[in-house]
Amino acid sequence: MDITRIKHPWHGVGIGNNAPHTLTAFIEIVPTDTVKYELDKESGLLKIDRPQLYSNYCPSLYGFVPQTYCGEAVAKFCRNQSGKEVVKGDGDPLDICVLTEKNISHGNLLVQAIPIGGLRLIDKGEADDKIIAVLKDDLLFGDFKDINDCPQNLMDRLKHYFLTYKLSPNSSNNKIDLDCIYNQEIAFEVIKRSCEDYKKLVSQN
């Protein structure tokens, strides 16, 4: 095997020719994971970020969109849309939740996803959007066209996860602000701006 052909999931995998309508997502964690994995940006390998200390678990596949970055363009859009003080983007690839009926047993894989909306999260003054997407051709979710097609109970679970997954039982100050849930059109704009931020990032390095 030619090891020089092994690609970095963030930099070496394309977002897809039909983005933002359909795009590639790299999945880091699945709902059954009791450990939160995340990309090691230097090596491209998955690393353990932390054990899931409490009862929370992510109710969807969760990962990021390759060749995206949450920098100034994403932060500016978040400021303009929310009217709130947003200092910067969170400095990571754009996060994505992918809904599927299938029981996928592990992360560290690529999927084709169709964005239908997103959560505008502001974490300690940083834009931290979560794109909500469906797995392409999924029997249960694959026909969803917009965030309004998503069952309210599932949206409530997604909101609860992201508002509480960093909290301990003794936490009294939640610094994560869920500004709004937005539709597919806004999700497309966030994705486009994250691609702009990525191009700027790599041009400076």
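Owing to the predicted nature of the structure, the values given are computational and were not obtained by experimental measurement.

> What exactly am I supposed to notice about the overall build of the protein chain here?
When its secondary structure is counted, the protein chain shows 3 helices and 10 strands. Taken over the C-alpha atoms alone, the protein chain extends approximately 50 × 40 × 35 Å along its principal axes. Each of the 205 residues in the protein chain was classed as buried or not, and the buried ones make up 49%. When contacts within the protein chain are restricted to residue pairs at least 6 apart in sequence, long-range pairs at least 24 apart make up 74% of them.

> How should I be thinking about the pattern of salt bridges in this particular structure?
Opposite charge on two side chains lets them pair, provided their charged atoms get close. Applying the stated criterion to the full structure yields 14 salt bridges. Between Asp-177 and Lys-84 there is a salt bridge, and its shortest N-O distance comes to 2.7 Å. Of this pair, Asp-177 sits in strand β10 (residues 176-182) while Lys-84 sits in the loop between α1 (72-82) and β5 (88-89), placing them 93 residues apart in sequence. Relative accessible area serves as the criterion here: at 27%, Asp-177 is assigned to the partly exposed category. Judged by its relative accessible area of 33%, Lys-84 is partly exposed. A salt bridge links Lys-130 to Asp-95; the shortest N-O distance between them is 2.6 Å. Residue Lys-130 is located in strand β9 (residues 130-135), and its partner Asp-95 is located in strand β6 (residues 95-99); the two are separated by 35 residues in the primary sequence.

> Is there a simple way to explain the packing of aromatic side chains in this structure?
Tallying each qualifying case throughout the model produces 6 aromatic pairs. For the pair Tyr-161 and Phe-162, a centre-to-centre distance of 5.0 Å together with 75° between the ring planes defines the contact as edge-to-face. In this structure, Tyr-161 and Phe-162 share a single accessibility class: buried. Pairwise contacts between aromatic rings join Trp-10, Tyr-69 and Tyr-198 into one cluster.

> So what exactly am I meant to see when it comes to the nonpolar core here?
Side chains that are nonpolar tend, in soluble globular proteins, to be buried together. Grouped together as the largest cluster of nonpolar side chains are 30 residues, with contacts concentrated most on Ile-27, Ile-96, Val-98 and Ile-131. With 5 residues, helix α3 (residues 184-203) is the largest single contributor of residues to this core. Sequence-distant contacts of Ile-96, defined by excluding residues within four places in its chain, comprise Leu-23, Ala-25, Leu-61, Tyr-62, Gly-63, Phe-64, Val-65, Ala-113, Ile-131 and Ala-133.

> Teacher, can you tell me more about α1 here?
Every α-helix winds through 3.6 residues per turn, so residues three or four apart in the chain are directed the same way. Looking only at α1, the buried set comprises Ala-73, Val-74, Ala-75, Phe-77, Cys-78 and Ser-82. Looking one or two places after α1, you find Gly-83, whose phi comes out positive at around 75°.

> What exactly am I supposed to notice about the environment of Tyr-57 here?
Following the sequence through the fold, Tyr-57 ends up in the loop between β3 (46-51) and β4 (61-64). Here Tyr-57 falls in the partly exposed class, since its relative accessible area comes to 39%. Separated by 101 residues in the primary sequence, Tyr-57 and Leu-158 place their C-alpha atoms 9.5 Å from one another. Residues in contact with Tyr-57, not counting those within four places in the same chain, are Pro-31, Arg-157 and Tyr-161.

> Which parts of the structure should I look at to understand the environment of Thr-22?
Tracing the backbone through its elements, the reader meets Thr-22 in the segment before β1 (23-29). A relative accessible area of 15% means that Thr-22 is categorised as buried. Separated by 66 residues in the primary sequence, Thr-22 and Lys-88 place their C-alpha atoms 27 Å from one another. Excluding anything up to four places from it in sequence, Thr-22 contacts Ile-15, Gln-112, Ala-113, Ile-114 and Lys-136.

Conventions used here
Residues numbered from 1 in each chain as written. Predicted model: local features only at pLDDT ≥ 70, side-chain atom pairs only at ≥ 80, totals over all residues. Heavy atoms only, no water. Helix = DSSP H or I, 4+ residues; strand = E, 2+ residues; numbered from the N terminus. Buried < 20%, exposed > 50% of the residue type's maximum accessible area, 1.4 Å probe, protein only. Contact = heavy atoms within 4.5 Å. Salt bridge = Lys/Arg side-chain N within 4 Å of Asp/Glu carboxyl O. Phe/Tyr/Trp six-rings, centres within 6.5 Å; stacked < 30°, edge-to-face > 60°. Core = buried A, V, L, I, M, F, W, Y, C linked by side-chain atoms within 4.5 Å.

Any functional reading would require information that these geometric values do not contain.
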